[in-house]
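Structural overview for review
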Amino acid sequence: MADNGDEASQDRIKEGDYVVLKRGDIFKAVQVQSGKKLVFEKQWFYLDAAVGHLHSTTFEIVSGGILQPKNPSGDFSDTGSSTDAKDAGTDNRNIVDDGKSQKLTRDDIETLKEQGLKGQEIIQQLIDNSSTFRDKTEYAQDKYIKKKKKKYENTVTILKPCCRILAMMYHGREPGKICHLRYDTLAQMLTLANIHASSKVLVFETCAGLVLGAVMERMGGYGSVIRMHPGDGPIHAGLKNFGFPAHFYDTLYEFPICHVNALLAGALDTAAKDAKAVLDTTDTSQLGSAEEEEEQNMETNTSTNADQDQMKEERDERKQEKAVYKRKLKQEEKRKKLAAAAAQLEGRNADGLIIAARFHPCPVLLGLIKFLAPSRPFVVYSQYKEPLIECFTKLKEQGGTVGLRLTDTWLRHYQVLPNRTHPVLLMSRGGGYLLSGTTVAMESSEPAGSQSAEEPAPKRQKLTDTEG
C-alpha cells in the first residue's frame, strides 16, 4: 500500500516540479513556483492552484489568472456540436461566405467576455447567432466548433515531461536548437544504440541536452553516461526540463572532446594539482579566521581615518584572495570531474555511442568509436546525408565495424475519423539521416615476411620447346 501511495504522489504536481503546458499543438516547459506569473499563448495565469492535482489535468483560466479543473461534462463532444444530427444540412453548396452570417460583432463578443462568460458559453452564443450553422453539414459543423474552441476557450493542460513531449516542443518551437531532430528519429536512435539500464553510454550532442536527457530517462538512473562536450563546459539547457531526481545526475560524467586524443595516447594528466589543492584548503581556513577577526574589529573600531583606509585596503586584499581561492576551488572540482570521466573511458568498454551534433561527425566518430567494446552498437545523426556518406566510407576503409546502414526517417500523420480518414496535409519534409552499425574486434595483421616464410614459393611452369 505504501508503494501505491508513493506512485500516486509522483503523479501529482508538486511545488518546484518541471511541467509542460499544452494548448492545442503548442507546448512550453516551465517550473511550478508559487506566486510566479506565467504567460502562455497570450494568456497569463498562476500555477498555485495546480499543486496537488494529477498530471495531464486540463484547467480553465478564470478571472485573476486562477486555474480551475475543467469539468468534462460541460464540454462539447469529440464528434461535434450540441445540435442533433437532424439539424445538419446535406451539403454546403448554397452557403455563401459573405461575412454577414454572424449576427454578433466583435464588440458584442468582447462584452460577453467582460460579463464573465466562459469559452463554451461564448461558442454557444456564436452558434445560436449564426444564420448558416444549421445549413452546414455535420463535418462542417465539427470544423466550425473546433476552430472557435481554439480561439475562445481559455484552457491549458499540464503534462509530465518526457523525451517525446520535449522533442515535440523543441521541434515545434525552436527546431534549430536541436538540429531539426524529430521525435520519431530520436526514438530510432535510442533503439539502434540499445540504450538500457546498467549500461555505459557515450553521448556527443549539441541538441540543448535533449538527446542526453532521453538517454538518462531510458536508463532510469542506473549505469553511467559520459557526455562528451565541445568547448570549456557543457551546455544542456533542456536537461533541467526533464525534472530528474538528484541521483540521476550521479551517473552523469562530462569529458571535453578536445582531450580525447591525449587520453587515447596516454598523455592526459589529471593528478598534477593535488599538492596545490591541499595548500589552498589551508589558505581558506586562514582567510576565514582573518575575516572573523576583521568583523570583530569593525564592531569595536573607533580609530582615525588613516586606520580606516588601511583597513579598507586590507579588506580589498582579502576579497581578492577569496576570489582567487574560489577560482582555484572551481578548477579543482573541474579537475576531479575530468579525472572521474577519464577513469570511465580508460577501460574502452563502453556499451554504446550516440552522436547528434552540428559539427562534422566524421572525425568525432573515428575518435570516439575507439572507446567502444567489441559487438557494441553506435548511431550517428545528421540533418544532411553527405557527412554520413563520408563516415560510411571511412568506416568501410579502416574496418572494425559490421552492419553499417545509412537510413532516412519519414513520418506522416493521418486524420482518422469516420468517412474522412486521410493524410494530414501539413507535414515535415524529413527527419534527418541515421548511420548505425556494430563494432567488431580486429585481428592483428601479421608482417608480409612471416607469411612468405610459411607458404612455399609458387613453382614456375616449365616451358617445352616445339619444333616447326
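Residues numbered from 1 in each chain as written. Predicted model: local features only at pLDDT ≥ 70, side-chain atom pairs only at ≥ 80, totals over all residues. Heavy atoms only, no water.

Let's shift gears to the overall build of the chain. If you tally the helices and strands in the chain, you get 13 helices and 16 strands. Counting all 468 residues of the chain, 35% fall into the buried class. Intrachain contacts of the chain at a sequence separation of at least 6 include 70% that bridge at least 24 residues. For the chain, the computed accessible surface area is about 28,900 Å², with 49% contributed by carbon and sulfur atoms. (Helix = DSSP H or I, 4+ residues; strand = E, 2+ residues; numbered from the N terminus. Buried < 20%, exposed > 50% of the residue type's maximum accessible area, 1.4 Å probe, protein only. Contact = heavy atoms within 4.5 Å. Areas by Shrake-Rupley, 256 points an atom, 1.4 Å probe, with all protein chains shown as cover.)

This next bit is on the sheet that holds strand β6 (residues 66-69). Strand order across the open sheet formed by five strands is β2-β1-β7-β5-β6, with antiparallel pairing between neighbours. Of all the strands in the sheet, the pair left with one neighbour each is β2 (26-31) and β6. Taking the axes of each pair of neighbouring strands and ignoring which way they run, one obtains an average angle of 35° across the sheet. (Pairing = 2+ DSSP bridges. Axes fitted to C-alpha atoms, helices over the stretch in contact; angles between N-to-C directions.)

Turning our eyes to something else, we now look at the packing of aromatic side chains. By the definition in use, this model includes five aromatic pairs. Ring centres of F242 and F244 lie 5.1 Å apart, and the angle between their planes is 15°; on these two criteria the pair is classed as stacked. The exposure class assigned to F242 is buried, which follows from its relative accessible area of 6%. An aromatic cluster is built from F242, F244 and F248, whose rings are joined through pairwise contacts. (Phe/Tyr/Trp six-rings, centres within 6.5 Å; stacked < 30°, edge-to-face > 60°.)

A word on the pairing of strand β4 (residues 43-46). Strand direction decides the pairing type here: strand β3 (residues 37-40) and β4, joined by four bridges, are antiparallel. Bridging across to β4, F40 finds its partner in Q43.

When a protein is soluble and globular, its nonpolar side chains tend to lie buried together. M189, V211, V215 and I354 are the most contacted members of the largest nonpolar core, which has 38 residues in total. Elements supplying a minimum of two residues to this core: α5 (163-173), α6 (183-192), β8 (199-205), α7 (210-219), β11 (352-356) and β12 (377-382). Of the residues forming this core, the biggest block, seven residues, is contributed by α7. Residues contacting M189, with those up to four places away along its chain left out, are L181, V211, I354, I355, A356, V379, Y381 and L434. By size, the runner-up hydrophobic cluster in this structure holds 29 residues, among which are I226, V260, V364 and L395. (Core = buried A, V, L, I, M, F, W, Y, C linked by side-chain atoms within 4.5 Å.)

Our next topic: the sheet that holds β8. If you trace the seven strands from one edge of the open sheet to the other, you get β10-β9-β8-β11-β12-β16-β13, paired in mixed fashion. Each having just a single partner strand, β10 (252-256) and β13 (401-408) make up the two edges of the open sheet. With strand direction ignored, the average angle separating the axes of adjacent strands in the sheet is 15°. With five bridges connecting them, strand β9 (residues 223-229) and β10 associate as parallel partners. Counterpart to M228 in the pairing with β10 is F255.

Looking now at the confidence of the model for the chain. Mean pLDDT over the chain stands at 81; residues scoring 70 or higher make up 82%. Per-residue pLDDT stays below 50 along residues 274-282; that stretch engages in six contacts with residues further than four places along the chain or on separate chains. This model gives residues 445-453 a pLDDT under 50, and the stretch forms one contact once residues within four places in sequence are excluded. (pLDDT = per-residue confidence, 0-100.)

Moving on, we come to helix α4 (residues 138-152). Between its terminal C-alpha atoms α4 stretches 21 Å, which fits the 21 Å expected from 15 residues at 1.5 Å a residue. The complete set of buried residues in α4 reads A140, Q141, D142, Y144, I145, K148 and Y152. (Expected span 1.5 Å × (residues − 1).)

This next bit is on a negative patch on the surface. On the surface, D307, D309, E313, E314, D316, E317 and E321 cluster together to form a negatively charged patch. If you trace the backbone, D309 turns up in helix α10 (residues 305-346). (Patch = residues over 30% accessible without salt bridge, like charges linked within 9 Å, V, L, I, M, F, W, Y side chains within 5 Å. Salt bridge = Lys/Arg side-chain N within 4 Å of Asp/Glu carboxyl O. Lys, Arg positive; Asp, Glu negative; His and termini not counted. Charge placed at Lys NZ, Arg CZ, Asp CG, Glu CD.)

Here we take up a positive patch on the surface. Taken together, the side chains of R106, K113, K143, K147 and K151 present a region of like positive charge at the surface. Residue assignment for the positive patch shows that the elements contributing at least two residues are α2 (106-114) and α4. Looking at the positive patch, the element that brings in the most residues is α4, giving three residues. Here K151 shows up in helix α4.

What follows is about the packing of α6 against α7. The axes of two packed helices give the description: the angle between them and the distance between them. Contact pair α6 / α7: the axes reach a minimum separation of 11 Å and the direction vectors enclose 50°. On the basis of the axis angle, α6 is oblique to α7. Helix-helix and strand crossings are classified by hand; for α6 and α7 the assignment is right-handed. Across the interface between the two elements, L186, M189 and L190 from α6 touch L210, V211, A214, V215 and R218 from α7. (Parallel < 35°, antiparallel > 145°, perpendicular 65-115°, else oblique. Left-handed = near helix turned anticlockwise from the far one by under 90°.)

Right, let's get into the environment of G213. Looking at the element boundaries, G213 is found in helix α7. When neighbours within four sequence positions are excluded, G213 is seen to be in contact with L239, F242 and F244.

Side chains on a regular strand alternate between the two faces of the sheet. Counting buried positions along β11 yields five of five residues, so the element is predominantly enclosed. Here β11 shows a buried face lined by G352, I354 and A356 and a second buried face lined by L353 and I355. Taken together, the five bridges between β8 and β11 define a ladder with parallel strand orientation. By the bridge assignment for β11, L202 is matched with L353. The pairing of β11 with β12 spans four bridges and is classified as parallel.

Even without a glycine there, the phi angle at E41 is positive, about 55°. Position of E41 relative to the elements: it lies in the loop between β3 and β4. On the accessibility criterion, E41 (40% relative accessible area) is partly exposed.

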